[in-house]
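Letter by letter, the chains look like this.
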Amino acid sequence: MTASTTAPSEAQQTNAHIDPAAKVADAGFVPVQTRSERPRSFEPADFGTPTGREVNWKHTPVAKLTSLFAPAEQNDGVTYEITTGAQYIGEPLAAGVAPRGEFFVPEDIVAAVAWQGAAEGMHVRIPRNEEVAEPIFITITGQGADKRADAHIVIEALEHSAATVVLRHLGSAQYAQNVEIIARAGSHLTVISVQRWEDDAVHAASHQARVDNDATLKHFVISFGGGIVRVNPNVELAGTGSEGKMYGLTYADAGQHLESQVYLHHKGAHTIGDVLYKGALQGKGAHSVWIGDVLIGADATGTDSYEANRNLVLTEGGRADSIPNLEIQTGDILGAGHASATGRFDDEQLFYLQSRGISEEEARRLVVLGFLVDVVLRLGLPTLESELLAAIDTELAKADV
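Procedures and definitions
- Residues numbered from 1 in each chain as written.
- Predicted model: local features only at pLDDT ≥ 70, side-chain atom pairs only at ≥ 80, totals over all residues.
- Heavy atoms only, no water.
- 1 Å grid on protein atoms, 1.4 Å probe; cavity = no way out; pocket = protein on both sides within 12 Å on 5 of 7 lines; lining within 4 Å.
- Points joined across faces, edges and corners; volume = space filled by probe spheres on them.
- Helix = DSSP H or I, 4+ residues; strand = E, 2+ residues; numbered from the N terminus.
- Nonpolar A, V, L, I, M, F, W, Y, C, P; charged D, E, K, R; others polar.
- Pairing = 2+ DSSP bridges.
- Axes fitted to C-alpha atoms, helices over the stretch in contact; angles between N-to-C directions.
- Buried < 20%, exposed > 50% of the residue type's maximum accessible area, 1.4 Å probe, protein only.
- Contact = heavy atoms within 4.5 Å.
- Polar contact = N/O pair within 3.5 Å; in protein donor to acceptor, adjacent residues only side chain to side chain.
- Phe/Tyr/Trp six-rings, centres within 6.5 Å; stacked < 30°, edge-to-face > 60°.
- Parallel < 35°, antiparallel > 145°, perpendicular 65-115°, else oblique.
- Left-handed = near helix turned anticlockwise from the far one by under 90°.
- Lys, Arg positive; Asp, Glu negative; His and termini not counted.
- Salt bridge = Lys/Arg side-chain N within 4 Å of Asp/Glu carboxyl O.

Observations regarding empty space enclosed by the protein
Logical step 1: Counting across every chain of the model gives four cavities of 30 Å³ or more.
Logical step 2: As a volume, the second largest cavity reaches approximately 80 Å³.
Logical step 3: Residue assignment for the lining of the second largest cavity shows that the elements contributing at least two residues are strand 13 (257-266), strand 14 (272-281), strand 15 (287-296) and strand 16 (304-313).
Logical step 4: Split into classes, the residues belonging to the lining of the second largest cavity amount to four nonpolar, six polar and two charged.

This is the structure:
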């Protein structure tokens, strides 16, 4: 199904991009497996309540997300602070007011709830031909584990602009979030979502992005905190010569569930895609989920695409689910591939470092840092890079690895 290319009217918001016969709850219905064919709708009721058997929910602790299946009554669960770049925040966008909904159409019940529950959406707008030197920091702070909030955030880079936008999540809340990203022709946009919630936070987010002609989007999902964090990015390389780079980093502690279902759609010709997610797990019940879907469309000639997920299990009791998928509808491409690997420490690496006089504890630390630093250094923000490297050290200090 294809999404509307204009902001939906009130009628469109409730009258679905979804066939009622496709509800996953219907008896005897075989759910759609291909990511591009999943039903979409602005109406939460069209999805039905997830049971955990659906293809997009079967790795998620659904019972712990039930608070996000209905709109927030007070919508006071988080506060927003524009730490830097306040001049790039436009007027709030109601549902149906462009560019809200220009590309975004919910893929699951939580995204539909966030659409309905966010009466006003934040609009980050980078003016045409402007290069923003300093990152735009938006700090989202939870007001308590019993508090609910819905949000729709639009990040729009106009033609030939350049900017970095950082969404930093702290505190604790029950948070349903949509992030709609539009990189217009010739723009260069970086969006970084950092989750450093408290251990009792619940956060489910849907990021959907369109990248136009000769534009580049770098998208990061960095999850170090939260009880359940599910951030699912969806990037469409719509324009000729567009590029999408999708990077992720997770560090799951005991009892944490950190998840990303990544979708990269090569739609235009001569597009470039690079997907790399890395994760570390420690402690009983630590759980990470990565599902990567890449679709190279029939018109995406000259495509060059690769996706990979790597996981390092540091202690007994952790589990990493990793599922790469690749669908190619044209043979006229430069290249495409996918890979996944999950494993423990390499004893030979440890032996080599210890043979050079490095203690076992420090050797293990160096192996983990060496494994994760690849993604950290792609951020291009020294302050944030230093913060995350320090956070990795803090996490390692918690575990007997």
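The structure having been displayed, the exposition proceeds.
Remarks on the sheet that holds strand 18 (residues 335-343)
Logical step 1: Spatially, nine strands are ordered 1-4-6-8-10-12-14-16-18 in an open sheet, and the strand pairing comes out mixed. Bordering the open sheet on either side are strand 1 (78-84) and strand 18, each of which pairs with just one other strand. Taken over all neighbouring pairs, the strand axes of this sheet differ in orientation by 10 degrees on average, direction set aside.
Logical step 2: Pairing of strand 4 (residues 136-142) with strand 6 (residues 162-170) involves six bridges; the strand directions are parallel. Residue pairing for strand 6: F137 is matched across the bridge by V166.

A look at the environment of S161
Logical step 1: With respect to the element layout, S161 can be found in the loop between strand 5 (148-157) and strand 6.
Logical step 2: Take S161: its relative accessible area is 1%, and that puts it in the buried class.
Logical step 3: Measuring from C-alpha to C-alpha, the distance between S161 and L379 comes to 19 Å, with 218 residues separating the pair along the chain.
Logical step 4: Discounting residues that sit within four places of it in the chain, S161 has contacts with I126, P127, N129, E130, G186, S187 and H188.
Logical step 5: Polar contacts involving the side chain of S161 include one to the main-chain carbonyl oxygen of L158, which spans 2.7 Å.

Quick look at the packing of aromatic side chains
Logical step 1: All chains considered together, the criterion is met by seven aromatic pairs.
Logical step 2: Consider the rings of F220 and Y247, whose centres lie 5.3 Å apart with planes at 55 degrees: the pair is tilted. Here F220 is found in strand 10 (residues 216-225), whereas its partner Y247 is found in strand 12 (residues 243-252), with 27 residues between them in sequence. Taken individually, F220 and Y247 each receive the classification buried, so the pair is uniform in this respect.

A closer look at the packing of helix 3 (residues 347-355) against helix 4 (residues 360-376)
Logical step 1: Between helix 3 and helix 4, the least distance of the axes is 9 Å, while the angle of their chain directions is 125 degrees. Classified by the angle between their axes, helix 3 and helix 4 sit oblique to one another. Both helix 3 and helix 4 take part in a crossing whose hand is right-handed. For the pair helix 3 and helix 4, the contacting residues are Q349, L350, L353 and Q354 in the first and E360, A363, R364, L366 and V367 in the second.

Some points on the sheet that holds strand 13
Logical step 1: Taken in spatial order, the nine strands line up as 2-3-5-7-9-11-13-15-17 in an open sheet, and their pairing is mixed. Two strands in the sheet have a free side with no partner beyond their single neighbour: strand 2 (93-94) and strand 17 (319-328).
Logical step 2: Relative to strand 5, strand 3 (residues 120-126) runs parallel, the two sharing five bridges. Bridge pairing in strand 5 places R125 opposite E156.

Brief notes about the side chain of D293
Logical step 1: Note that D293 resides in strand 15.
Logical step 2: The buried charged residue D293 lacks any salt bridge partner; its closest oppositely charged side chain belongs to R35, at an N-O distance of 4.1 Å.
Logical step 3: When residues no more than four places from it in sequence are discounted, the contact partners of D293 are R35, V262, Y263, L264, E307 and N325.

Side note on the pattern of salt bridges
Logical step 1: In the structure shown here, the tally under the stated rule is 22 salt bridges.
Logical step 2: When the shortest N-O distance is used, the salt bridge between E107 and R35 registers 3.2 Å. One end of the pair, E107, is in the loop between strand 2 and helix 2 (109-117); the other, R35, is in the loop between helix 1 (10-14) and strand 1, and 72 residues separate them in sequence.
Logical step 3: Looking at E107, the relative accessible area reads 11%, which means it is buried.
Logical step 4: Assessed through its relative accessible area of 4%, R35 is described here as buried.
Logical step 5: Across the pair D374 and R378 runs a salt bridge whose closest N-O atoms are separated by 3.3 Å.
Logical step 6: Take D374: its relative accessible area is 30%, and that puts it in the partly exposed class.
Logical step 7: With a relative accessible area of 26%, R378 lands in the partly exposed category.

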